Amino acid sequence: MDTLDGLKTVVAVVETNSFTAASDRLGISKALVSKYVGEVEKQLGIRLFNRTTRQLALTESGRRYYEQAITLLEQFSAMVDNVTGEQTTPRGLLRVSAPVTFGEMKLAPLLPKLIALYPELTVELILTNGAIDMLEEGIDVRLRIGGVDDSNMIARHLTNFPLVLSASPAYIDKYGLPKTPEQLEKHQCIIDSNFRIGKQWPFISPKGQAETINVHSALAVNSPQAVREIAIADGGIAMTPNFIVEDALSDGRLLSVLPEYTTLEFGLFAIYPHRKYVAKKVRCFIDFVLEEFSKK
């Protein structure tokens, strides 16, 4: 067993809290993970984990080993980058997590360009709207709409997505185009239940005056793309991030409602572990996404 293999294996077991998950992350068998951990323990003459059939618990010695192993691995990676400099390109597996709709509509189309830039990189995109443990699931970087309050993570702001209102031409023909937010009270509005605002829609007028309107709604759904489709099907006025409806606004399936008023906007952040050294593949990915969205 190479010393680096032992360090990486113990770190993977600690962060995934599982020999099986660690084997998946490292791409080796569970038996080899167990062997490497056993060899590290034998070399050091200590027990890193207390293992039962149901539970895996880190010992105090194991905790100290893990903390210093992280530092050593970071220093090793930094040394490789410093020595090779610009001669190396990012390589290996990059696991990226993103919200489902954003990932499908905005991130996935960019990945072929990323791979063309960095042909030695392999990308696995994991789309989920649920909470995830990045360390346990081996996620290198997570794109998230909204910040993060975890002190173990760094959140780098990439861009903003303002919310916009839209409705189908047929709906506007039938019910009229609202001229002020107050007139929304007489319309059917489609609620995205992902938003905490619910039926309380906030607006800022062109003169900077703020107000909140209690809209009427007979439809609520926890998907911005579904909200868009309901609006296209003449179901009412939708409030969605602009990227959700930009194509439908361009081709006329939807019309802009109250474009002179502004409402909420959400920030897109790249989330990654708070460590001194950030892997080159993560840095290149974040720089790539930042550049792509800055063009827009």
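Everything that follows concerns the structure shown earlier in this document.
Parameters at a glance
- Residues numbered from 1 in each chain as written.
- Predicted model: local features only at pLDDT ≥ 70, side-chain atom pairs only at ≥ 80, totals over all residues.
- Heavy atoms only, no water.
- Core = buried A, V, L, I, M, F, W, Y, C linked by side-chain atoms within 4.5 Å.
- Buried < 20%, exposed > 50% of the residue type's maximum accessible area, 1.4 Å probe, protein only.
- Helix = DSSP H or I, 4+ residues; strand = E, 2+ residues; numbered from the N terminus.
- Contact = heavy atoms within 4.5 Å.
- 1 Å grid on protein atoms, 1.4 Å probe; cavity = no way out; pocket = protein on both sides within 12 Å on 5 of 7 lines; lining within 4 Å.
- Points joined across faces, edges and corners; volume = space filled by probe spheres on them.
- Nonpolar A, V, L, I, M, F, W, Y, C, P; charged D, E, K, R; others polar.
- Polar contact = N/O pair within 3.5 Å; in protein donor to acceptor, adjacent residues only side chain to side chain.
- Salt bridge = Lys/Arg side-chain N within 4 Å of Asp/Glu carboxyl O.
- Pairing = 2+ DSSP bridges.

Colleague: How would you explain the nonpolar core if you had to name every residue and give the values?
Modeller: Core analysis: the biggest nonpolar cluster contains 35 residues, and Phe102, Leu107, Val141, Leu143, Phe285, Ile286 and Val289 have the highest contact counts within it. With seven residues, helix α11 (residues 280–294) is the largest single contributor of residues to this core. Discounting chain neighbours no more than four positions away, the residues touching Phe102 are Leu107, Leu143, Ile145, Phe161, Phe243, Leu268 and Phe293. In this structure, Phe19, Val33, Val37 and Leu48 belong to the second largest nonpolar core, which totals 19 residues.

Colleague: Which residues make up the layout of surface pockets, and what are the values?
Modeller: Here the largest pocket defines a volume of roughly 1,500 Å³. Forming the boundary of the largest pocket are 44 residues, of which Lys8, Ser77, Asp140, Ala279 and Lys281 lie nearest the centre. Looking at the lining of the largest pocket, the elements that each hand over two or more residues are α1 (3–16), α2 (19–26), α4 (60–84), β3 (92–98), α7 (134–137), β13 (265–273) and α11. With eight residues, the top contributor of residues to the lining of the largest pocket is α4. By residue class, the composition of the lining of the largest pocket is 21 nonpolar, eight polar and 15 charged. Estimated volume of the second largest pocket: approximately 800 Å³. In terms of lining residues, the second largest pocket is bounded by 26 residues, among which Pro99, Asn129, Ile145, Asn194 and Phe195 are the most central. For the lining of the second largest pocket, the elements supplying multiple residues, two or more each, are β3, α5 (100–107) and β5 (141–145). For the lining of the second largest pocket, the leading source of residues is β5, giving four residues.

Colleague: Report on the side chain of Thr59, specifying residues and quantitative values.
Modeller: Along the polypeptide, Thr59 turns up in the loop between β2 (56–58) and α4. Separated by 2.9 Å, the side chain of Thr59 and the backbone nitrogen of Gly62 make a polar contact. If we ignore the near neighbours within four places in the chain, the residues touching Thr59 are Arg47, Leu48, Phe49 and Asn50.

Colleague: I'd like to hear about the pattern of salt bridges, residue by residue, with values.
Modeller: For the structure on display, the rule yields 15 salt bridges. The closest approach of N and O atoms between Glu15 and Arg25, which form a salt bridge, is 2.9 Å. Here the residue Glu15 occupies a position in helix α1, and Arg25 occupies one in helix α2, the gap between them amounting to 10 residues. With relative accessibility at 9%, the residue Glu15 sits in the buried group. Relative accessible area serves as the criterion here: at 31%, Arg25 is assigned to the partly exposed category. Among the ionic pairs, Asp247 bridges to Arg228, the shortest N-O distance being 2.9 Å. Taken together, the residues Asp247 in helix α10 (residues 242–250) and Arg228 in helix α9 (residues 224–232) connect sequence positions 19 residues apart. Overall, Asp247 belongs to the partly exposed group, its relative accessible area being 33%. Via salt bridges that share partners, Arg228, Glu229, Asp247, Asp251 and Arg253 belong to a single interconnected network.

Colleague: Before we move on, could you go through the pairing of β13 and cite the residues and values that matter?
Modeller: Burial runs high along β13: seven of the nine residues are buried. For strand β6 (residues 153–167) and β13, the ladder comprises nine bridges, and the chain directions are antiparallel. Among the inter-strand pairings, Thr159 is bridged to a residue of β13, identified as Leu268.

Colleague: Quick one: what's the story with the environment of Gln55, residue by residue and with numbers?
Modeller: Looking at the element boundaries, Gln55 is found in the loop between β1 (49–51) and β2. Separated by 39 residues in the primary sequence, Gln55 and Leu94 have C-alpha atoms spaced 29 Å apart.

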